[in-house]
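What follows is the residue order along each chain.
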Amino acid sequence: MNACTTASWDLAEPVEATAATAPTWLLIEQPGPWGAKAATSSHLDPELGRALERAAQGTGVRVALIRRPGPHADPHGPAPRRVHVAHTLPGRSWIRTAELGSGTGADGPEQLLDLDFAALGAGRHQGLWEAYEGGPLALVCTNGKRDRCCALLGRPLAAELAADGDESVWEVTHIGGHRFAPTFMLLPYGYAYGRATAHTAKGALEAARLGRIVTAGSRGRSAWDRPGQAADLAVRRLTGEDREDALDIVRTEALPEGPPPHWTVTVAHTDGRSWQVEVARSAAEPPRPESCGAAPGSPARMDVLSVRALPGGTG
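In what follows, the accompanying structure is described. Values in this document were obtained by computation on a predicted structure and should not be read as measured data.

Procedures and definitions
Residues numbered from 1 in each chain as written. Predicted model: local features only at pLDDT ≥ 70, side-chain atom pairs only at ≥ 80, totals over all residues. Heavy atoms only, no water. Helix = DSSP H or I, 4+ residues; strand = E, 2+ residues; numbered from the N terminus. Buried < 20%, exposed > 50% of the residue type's maximum accessible area, 1.4 Å probe, protein only. Polar contact = N/O pair within 3.5 Å; in protein donor to acceptor, adjacent residues only side chain to side chain. Contact = heavy atoms within 4.5 Å. Pairing = 2+ DSSP bridges. Axes fitted to C-alpha atoms, helices over the stretch in contact; angles between N-to-C directions.

**Concerning the side chain of threonine 18**
Along the polypeptide, threonine 18 turns up in the loop between helix H1 (3–10) and strand S1 (24–29). For threonine 18, a relative accessible area of 13% translates into the label buried. A distance of 2.6 Å separates a polar side-chain atom of threonine 18 from the backbone oxygen of valine 15. With sequence-adjacent residues up to four places away left out, threonine 18 is seen in contact with Phe180, Arg219, Arg226 and Gln229.

Given below as structure tokens:
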């Protein structure tokens, strides 16, 4: 392992509640090399990449590039590309997909600028493209220009997952958490995982195909903010609930007392039960690099202080 992953591992830094926050993901196939900021430093038109990032800002949509595992030859010319939009909220998650044309203009990737990003971020696809009919997408972070640990540890994992020809497996530019590499995410459920092995990743992917969530190694569900991610995982571990759509975050309230910052998060079950989870933010100590080459810092961590069942539930 390399610097940032080694330090995080040696310090036993928890992976929980570290997932990137994004209710909706826009994934654009872009073969070839990726730069550190891939949307504007790959063979995708950088002006288009900048425009897409501007269009998505503040909408709940996160833009990322994807490519097939393996050698990354890029013909540098126009080629059809696959795009997916995935929404991650429980009970209303979905993936829509299309193959864009190889040219510029109306049939090429420029048409993505016409998307209603606000609607997509709110979970309304409005009949966009086609419904994706395959199994959950497995996105493995492999962008070595962003962080070398992601390439050195992520690319072998992506290759292993795709070895049997599984076309649901993709490399992705950035899902955060370099120090937890190899990291991957399962869509449309939005659960991210860290410090994965081929065995644990295959287990999580197989469970997701059945609509089940493995909590071991999970960094949280991207639909929620970080207190919500911590609360969701805490209730799942307390109750053993693994159905992807069984739990919802219905309220997150910041508490006035502090420091450190505290929240109460209300988690509701589809059977009527609910729990109140108290979460506090603290700074991870001692300092450690959050990515390779970065100065040591103290990343925020979410600590679950209590989980209390609320009266009135059933089951």
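**Structural notes on the sheet that holds strand S6 (residues 137–141)**
The sheet built from ten strands is open, its strands ordered S5-S4-S3-S1-S2-S7-S6-S8-S9-S10 with mixed pairing. Of all the strands in the sheet, just strand S5 (130–131) and strand S10 (218–221) have a single pairing partner and so form its edges. Examined bridge by bridge, S6 and strand S8 (residues 184–187) share four bridges and lie antiparallel to one another. If you follow leucine 139 over to S8, its bridge partner there is methionine 185. Sitting on the sheet, helix H4 (residues 148–161) is in contact with S6, strand S7 (169–172) and S8, with an inclination near 155° to S6.

**As for the pairing of strand S4 (residues 94–100)**
Most of S4 sits out of view: six of its seven residues are buried. When strand S3 (residues 81–87) meets S4, the two strands line up antiparallel, connected through seven bridges. Directly across from valine 85, in S4, lies its bridge partner arginine 96. Adjacent in sequence and paired antiparallel, S3 and S4 are bridged by six residues, among which glycine 91 carries a positive phi angle near 80°. The pairing of S4 with S5 spans two bridges and is antiparallel. Bridge pairing in S5 links arginine 96 to alanine 131.

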